[in-house]
Amino acid sequence: MSGVVPRMSEVVPRVALVVGSTREPRFADYPLTWLLERLGTRDDLEVSVIDVRDVALPDYNLPKAPAHAQREYSSRAERALGERLDNADAFLFLVNEYNHGYGGALKNVLDHYFAEFEHKPAAFFGYGNVGGSRAIEQLRQVVAELNMVSVRETVHIFGAQFPAVREGGAAAAAVFDALEQRLTVMLDHLLWWARALSAARDA
Ligand SMILES: Cc1cc2nc3c(=O)[nH]c(=O)nc-3n(C[C@H](O)[C@H](O)[C@H](O)COP(=O)(O)O)c2cc1C
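Let us look at the structure shown here. For clarity, every value in this text was computed on a predicted model and none was experimentally measured.

What describes a pair of aromatic rings is the distance from one ring centre to the other and the angle between the planes of the rings. Overall, the coordinates contain 11 aromatic pairs when judged by the stated rule. Taking the centre distance of 5.9 Å and the plane angle of 20° together, the rings of F93 and F124 count as stacked. Remark: F124 occurs in strand β4 (residues 121-128) and F93 occurs in strand β3 (residues 90-96); sequence separation between them is 31 residues. Given the relative accessible area of 0%, F124 is considered buried. Between Y127 and F162, the aromatic rings sit 6.3 Å apart at their centres with planes inclined by 50°, giving tilted as the arrangement. One end of the pair, Y127, is in strand β4; the other, F162, is in helix α5 (residues 162-167), and 35 residues separate them in sequence. Comparing Y127 with F162 shows no difference in burial state: the two are buried. Through pairs of rings, three or more aromatic residues link up here, namely F27, Y30, Y127 and F162.

Before going further, it helps to examine the pattern of salt bridges. Taken as a whole and assessed by the stated rule, the structure comprises 15 salt bridges. For R14, the salt bridge is made with D89, and the minimal N-O distance between the two is 3.7 Å. Of the two residues, R14 sits in strand β1 (residues 14-19) while D89 sits in the loop between α2 (76-87) and β3, which places them 75 residues apart along the sequence. Since its relative accessible area comes to 5%, D89 is described here as buried. Salt-bridge contacts for R140 lead to E137; the nearest nitrogen and oxygen are separated by 3.3 Å. Placement of the pair is R140 and E137 together in helix α4 (residues 133-145), with a separation of three residues, close to one helical turn. Since its relative accessible area comes to 43%, E137 is described here as partly exposed. Each member of the salt-bridge network shares a partner with another, and the members are R14, D89 and R201.

The next subject is the site of the ligand. S21, Y98, H100, Y127 and N129 are the nearest of the 15 residues found near the ligand. Between the ligand and R23, the relevant distance is 2.8 Å, taken from an oxygen atom to a side-chain nitrogen or oxygen of the residue. Note that a nitrogen atom of the ligand is positioned 2.8 Å from one of the backbone N or O atoms of N99. When isolated, the ligand has an accessible area of 610 Å², and the protein chains bury 76% of it. When grouped by side-chain class, the residues that make up the shell around the ligand number five nonpolar, six polar and four charged.

Here the focus is unusual backbone geometry. Following E24, the chain continues into P25 via a peptide bond in cis, with omega recorded as -5°. Positionally, P25 belongs in the loop between β1 and α1 (29-39). Positive phi outside glycine occurs at R71, with the angle close to 60°. Relative to the helices and strands, R71 resides in the loop between β2 (46-51) and α2. The phi dihedral of H119 is positive, around 65°, even though this residue is not glycine. Tracing the chain through its elements places H119 in the loop between α3 (104-111) and β4. Judged by relative accessible area, which is 39%, H119 ranks as partly exposed.

To continue, consider the pairing of strand β5 (residues 149-158). Of the strand pairs in this sheet, β4 and β5 are connected by seven bridges, and their pairing is parallel. Within β5, the residue paired with Y127 across the bridge is I157. Handedness of the crossover joining β4 and β5 through α4 is recorded here as right-handed.

Conventions used here
Residues numbered from 1 in each chain as written. Predicted model: local features only at pLDDT ≥ 70, side-chain atom pairs only at ≥ 80, totals over all residues. Heavy atoms only, no water. Phe/Tyr/Trp six-rings, centres within 6.5 Å; stacked < 30°, edge-to-face > 60°. Helix = DSSP H or I, 4+ residues; strand = E, 2+ residues; numbered from the N terminus. Buried < 20%, exposed > 50% of the residue type's maximum accessible area, 1.4 Å probe, protein only. Salt bridge = Lys/Arg side-chain N within 4 Å of Asp/Glu carboxyl O. Near = heavy atom within 4 Å. Polar contact = N/O pair within 3.5 Å; in protein donor to acceptor, adjacent residues only side chain to side chain. Areas by Shrake-Rupley, 256 points an atom, 1.4 Å probe, with all protein chains shown as cover. Nonpolar A, V, L, I, M, F, W, Y, C, P; charged D, E, K, R; others polar. Pairing = 2+ DSSP bridges. Right-handed = clockwise from strand over helix to strand, strands pointing away.

Shape is all these values report; function is a separate question.
Next up, the structure:
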């Protein structure tokens, strides 16, 4: 079928699931496990994990802003991650909330790149006392500066639900089952943008 350009609806978007927490152990692994299980049931996306904990970038120290030096990588680690970000059509951020903001390591990753994120959609799954909402709203401002589109719908685990999630079994299942519908709606919107913006970037 060489030479046949797939119609937009035939493209399966590649979703990068970005895990923001870098500590060990971390709560993030509970929603991460559930998200990977749920995303794995869908045949309208491909998922890969970008774990900020595994990213070997120094604190940002480059002379030129990435927006003005697109894909001018200064290290193998920066290039390797840049190529993974480039390969993604959409981003789903798993957002921890520290002092009413998102984690600093995630900001360091975002600051190292521009073109790799530009014209792509972002969705957010937050957790914290108020579901990571404050961190997510800050992150929306940042992704807008990267020329991304942020999806309106979000999914949250609230602090009062943390013990049930940690307990596992039926208690955790009850929390996650209640998130299922929201996750579906959020992903549907993320994929709509991913397909639309992928076609627009190709054009
Ligand atoms: C430095 C620090 C600051 C925190 N600040 C907040 C906060 O402002 N709001 C909130 O909801 N939770 C806050 N928490 C609680 C975190 O939401 C909770 O520890 C969660 O487990 C963090 O996710 P992680 O374990 O995946 O890193 C804070 C935790 C830490 C370690």
